[in-house]
Amino acid sequence: MKQSILVVEDDPMIRELVKIHLEKNDYDVIEAADGEEAKTVFLEYHPCLVILDLMLPKVSGEDFCAWVREQERNEVSIIMLSAKAKIEDKIEGLKMGADDYVTKPFDPDELMAHVEAVLRRTGQFCQKIVHEGLCIKPRKGEVLLYDKSIKLTKYEFDLLYLFMQNPNMVLSREQLVMQIYPYADHTVLERTIDAHIKKLREKIEDDTSKPKRIQTVRGMGYMFVNT
C-alpha cells in the first residue's frame, strides 16, 4: 500500500514540482493551496505525512501545524518547507511540532531524502487504510470518520477491516462468517453477519437506507465500494 502525502503550498509551480517528485518515488499525493483547504483534505485522506509551507492564505502553516497535532497528536509527520530561513525560524518550527524543516529554494532530490528519512522514523504510525474520510488503524484498533472517533465492537471492527482490505470485491455471508468467527465452537448463522453489518452501517453511513460504503449485492453478499 502506498503512503499518502499531503502537500500544502500556495505556489502552484512549487506544489507541482513537489508532486512530480513524490509520485516518481511512488507516493500518493494530495494537494491543498491554503490552510483552510488543507484541513478539509486532511480529514478526508488522513495522510501519513504533510509537507507544509508556512506563509499560507486563510490559515497559516503554523496554525495548521498546531491543528494537526490536536487532531492526531504525533501520528502524522510534518516537514515544514519554508522561505523562512533564519535559525530561529527553524527552531520555532521544530518546537511547534515539525519533524523536519527544509528551506526554500530547495533541491527536490534533497527534499525526497528528507521525506524518506522522516518516514523511516515515523512510518510505523502509518499502518492504516483510508477511504473518503473513513480511516481504520488495525494496529491500534481505532476507526475515524473524518475527525470523529467511531466505537466498534470486535466483530464490527474485523468486518470493516476485511471489507476495506478487499474493496469492490463481493464477499459472501459464508466467507464473512469464516473470516470473523474462525474458531467458533458453534454454528454461526449468516443472519448474524446481517445484524453486524446493520450496526456497522449505523455508525459509518450517512443514510442507512441508501448505504454508499457497504452495499448489498443481492443473492451474493456484501461489497465495500471504493470509487
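The structure this text deals with has already been given above.
Conventions and cut-offs
Residues numbered from 1 in each chain as written. Predicted model: local features only at pLDDT ≥ 70, side-chain atom pairs only at ≥ 80, totals over all residues. Heavy atoms only, no water. Disulfide = S-S within 2.5 Å. Helix = DSSP H or I, 4+ residues; strand = E, 2+ residues; numbered from the N terminus. Polar contact = N/O pair within 3.5 Å; in protein donor to acceptor, adjacent residues only side chain to side chain. Contact = heavy atoms within 4.5 Å. Core = buried A, V, L, I, M, F, W, Y, C linked by side-chain atoms within 4.5 Å. Buried < 20%, exposed > 50% of the residue type's maximum accessible area, 1.4 Å probe, protein only. Pairing = 2+ DSSP bridges. Right-handed = clockwise from strand over helix to strand, strands pointing away.

Draft legend 1. Spatial organisation of the state of the cysteines. Under the defined criterion, the tally for this structure stands at one disulfide. Residue C48 pairs covalently with C126 via a disulfide, S to S 1.5 Å. Torsion about the S-S bond of the C48 and C126 cystine: about -60°, corresponding to left-handed handedness. Separated by 78 residues along the polypeptide, C48 in the loop between helix 2 (35–45) and strand 3 (49–52) and C126 in the loop between helix 5 (108–122) and strand 6 (129–131) bring together distant segments of the chain.

Draft legend 2. Region of interest: the side chain of D34. By the element assignment, D34 lies in the loop between strand 2 (28–32) and helix 2. Looking at D34, its side chain comes within polar contact range of the main-chain nitrogen of E36, at 2.9 Å. Setting aside residues no more than four positions away along its own chain, D34 makes contact with V8, P57 and K58.

Draft legend 3. Structural context of the nonpolar core. One finds L134, L160, F163, L176, I197 and I214 to be the most contacted residues of the largest nonpolar core, which totals 24 residues. The element contributing the most residues to this core is helix 6 (residues 154–165), with six residues. Of all hydrophobic cores here, the second largest spans 22 residues; its members include I30, F42, M80 and A98.

Draft legend 4. View of the pairing of strand 3. Going residue by residue along strand 3, you find L49 and I51 tucked away on one face and V50 and L52 tucked away on the opposite face as well. Summarising the sheet, strand 1 (residues 4–8) and strand 3 pair through four bridges and their orientation is parallel. Within the sheet, the bridge partner assigned to V7 lies in strand 3 and is I51. Where strand 3 meets strand 4 (residues 77–82), four bridges bridge the pair, whose relative direction is parallel.

Draft legend 5. Geometry of the pairing of strand 1. Among the five residues of strand 1, five are classified as buried, and the element is accordingly described as predominantly covered. With burial as the criterion, each face of strand 1 is covered, one bearing S4, L6 and V8 and the other bearing I5 and V7. Where strand 1 meets strand 2, five bridges bridge the pair, whose relative direction is parallel. Following the sheet pairing, V8 is matched in strand 2 by A32. Taken together, strand 1, helix 1 (residues 12–24) and strand 2 constitute a β-α-β crossover, and its handedness is right-handed.

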